[in-house]
Amino acid sequence: MRAITFSAYGGPDVLQLSEVPVPEPGPGQVRLAIRTAGLNPIDWKIRSGAMQQNFAVAFPHTPGLEVAGVVDAVGEGADFAVGDEVFGWSETGAYAEYALAKTLAPKPAGISWVDAAALPVAGETALRVLGLLEIREGEALLIHGASGTVGRFAAQVAVAQGVTVIGTGGSRSLDDLKSLGVVPVRYGDGWAERVRDAASGQVDAVFDATGHGVLPGSVELRGTKDRIITIADGAAFELGITFSSGGEQTREVLTGIAGWVTDHGVGIAQGKSYPLAEAAAAQAESEGGHPGGKLTLAVS
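Rules and cut-offs
Residues numbered from 1 in each chain as written. Predicted model: local features only at pLDDT ≥ 70, side-chain atom pairs only at ≥ 80, totals over all residues. Heavy atoms only, no water. Helix = DSSP H or I, 4+ residues; strand = E, 2+ residues; numbered from the N terminus. Rg over C-alpha atoms; globule rule 2.2 N^0.38 Å. Buried < 20%, exposed > 50% of the residue type's maximum accessible area, 1.4 Å probe, protein only. Contact = heavy atoms within 4.5 Å. Areas by Shrake-Rupley, 256 points an atom, 1.4 Å probe, with all protein chains shown as cover. Lys, Arg positive; Asp, Glu negative; His and termini not counted. Charge placed at Lys NZ, Arg CZ, Asp CG, Glu CD. Core = buried A, V, L, I, M, F, W, Y, C linked by side-chain atoms within 4.5 Å. Arc of directions from axis to C-beta. Phe/Tyr/Trp six-rings, centres within 6.5 Å; stacked < 30°, edge-to-face > 60°. Lys NZ or Arg CZ within 6 Å of the ring centre and 35° of its normal.

Trainee: Explain the overall build of the protein chain to me, and be specific about the residues and the numbers.
Mentor: Broken down by element type, the protein chain carries nine helices and 15 strands. Against the 2.2 N^0.38 benchmark of 19 Å for 300 residues, the protein chain shows a C-alpha radius of gyration of 19 Å, consistent with a compact globule. The dimensions of the protein chain, computed from C-alpha atoms along their principal axes, are 60 × 40 × 35 Å. When the 300 residues of the protein chain are sorted by exposure, 49% land in the buried category. Partitioning the intrachain contacts of the protein chain with sequence separation of at least 6 by distance along the chain shows that 63% fall at a separation of at least 24. Accessible surface, the protein chain as shown: approximately 12900 Å² in total, 50% of it carbon and sulfur. Charged side chains of the protein chain number 21 positive and 34 negative; the gap between the two group centres comes to 4 Å.

Trainee: I'd like a rundown of the nonpolar core, residues and numbers included.
Mentor: Among the nonpolar cores identified, the biggest contains 39 residues, and F87, L119, L141, I143, F153 and F207 are the most heavily contacted of them. The greatest single-element share of this core, amounting to nine residues, is contributed by helix α2 (residues 113-133). Beyond its immediate stretch of four places on either side in the chain, L141 contacts L130, L133, I135, A158, V163, T164, V165, I166, A205, V206 and F207. Among the nonpolar cores identified, the runner-up in size contains 28 residues, and V30, I46, L295 and L297 belong to it.

Trainee: Kindly report on the environment of T5, identifying the contributing residues and their values.
Mentor: Its location among the elements puts T5 in strand β1 (residues 2-5). In this structure the C-alpha to C-alpha distance between T5 and V20, which are 15 residues apart in sequence, comes to 9.2 Å. When neighbours within four sequence positions are excluded, T5 is seen to be in contact with V14, L15, Q16, S18, V20, P60, H61 and T62.

Trainee: How would you summarise the environment of F80 if you had to cite specific residues and measurements?
Mentor: Relative to the assigned elements, F80 resides in the loop between β4 (66-74) and β5 (85-89). Between the C-alpha atom of F80 and that of G28, which follows or precedes it by 52 residues, the distance is 9.4 Å. Here F80 is in contact with V30, V71, V74, V86, L104, A105, P106 and R251, once residues within four sequence places are set aside.

Trainee: Got a sec to walk through the side chain of R47? Specific residues and values, please.
Mentor: Note that R47 resides in helix α1 (residues 41-48). In contact with R47, not counting residues within four places along its chain, are F6, A8, Y9, G10, G11, P12, V14, L15, Q283 and E287.

Trainee: Just give me the short version of helix α9 (residues 279-288), but keep the residues and values in it.
Mentor: Those residues of α9 not exposed but buried are A279, A282, Q283 and S286. Relative to the axis of α9, the buried residues are bounded by an arc of 95° and lie together on one face. Here the buried face of α9 lies against β1, α1, β14 (270-275) and β15 (294-298). Following α9 by one or two positions, G289 has its phi on the positive side, about 85°.

Trainee: Any chance you could break down the packing of aromatic side chains for me, citing the residues and the numbers?
Mentor: This structure, assessed with the given rule, holds four aromatic pairs. On the numbers, 6.5 Å between centres and 50° between planes, the contact of F6 with Y9 is tilted. Take Y9: its relative accessible area is 25%, and that puts it in the partly exposed class. For the pair F237 and F243, a centre-to-centre distance of 5.3 Å together with 25° between the ring planes defines the contact as stacked. Its relative accessible area of 62% is what places F237 among the exposed residues. Residue classification places F243 among the partly exposed positions, given a relative accessible area of 26%. Three or more aromatic residues joined by ring pairs make a cluster, and in this case those are F6, Y9 and F59. Sitting over the ring of W113, R35 keeps its end group 5.9 Å from the ring centre. Of note, K107 hangs over the ring of W113, and the distance from its end group to the ring centre comes to 4.8 Å.

Purely geometric stuff here, so don't read any function into it on its own.
Set out below in structure tokens:
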């Protein structure tokens with residue numbers, strides 16, 4: 001099968017389109033014929049070597065976490081059948097024509113392959129942080145980076161729960177945020193004052209999905225360090241603010257994510273879909289920042 005691999009840490013140029021053996025499913029695993037793979041910043045952070053102290057890989061390595069595809073073979077004890085359409089997390093790398101996986105859920109018929117592959121990481125992260133913040137109906141939630149993949153998912157869920165969401169974003173994203181029921185605020189110098197004006201009172205909780213140095217200003221807005229969570233700013237550890245990572249990968253989580261899409265219309269803003277062979281270009285765009293939506297790889 002075709003797969004993207006790398007055999008040394010480095011820039012996007014270390015990614016190669018390779019011919020590798022088709023994997024065979026073990027107990028509890030299924031093999032997927034992948035339709036679409038999701039691309040995440042952690043993919044290029046691992047490739048660059050920035051994560052090797054905490055996430056070392058064996059070479060050659062196939063990157064990618066998120067998959068959507070059709071069950072092609074079933075290992076002993078797996079609870080899916082050949083032909084099932086599923087989405088979830090890959091155990092052998094998603095940048096490939098086939099992958100092995102255990103943590104999957106049925107793909108609802110109304111969700112496209114591209115949308116399904118974009119859901120696991122963003123959906124799990126958004127729902128996890130909202131749960132940790134214990135956000136309640138009638139409260140005001142500030143989301144830094146509400147126009148990004150994670151922030152946008154969280155904003156839509158919170159709005160559906162009756163929460164007033166104040167979301168920061170770039171000038172080009174403000175109209176989109178407003179259409180989702182979010183109170184849009186332009187990020188950059190003076191953002192805290194603009195949020196204070198938009199909130200017309202206390203900000204009850206803060207979700208930082210950007211990591212752009214907004215934690216001190218968020219503490220000032222809150223008047224306390226509690227109910228502030230970041231998924232992206234390592235300064236949290238020095239500031240005594242919660243840093244959330246490494247969520248729960250279960251079928252129940254995936255089913256819950258799909259439910260928000262099918263029952264409440266929550267969606268992912270899609271960016272460019274690249275062919276599998278152009279994975280290096282896709283990672284380069286992600287690494288450059290501001291891709292304008294979720295990047296995916298069209299495998300078949």
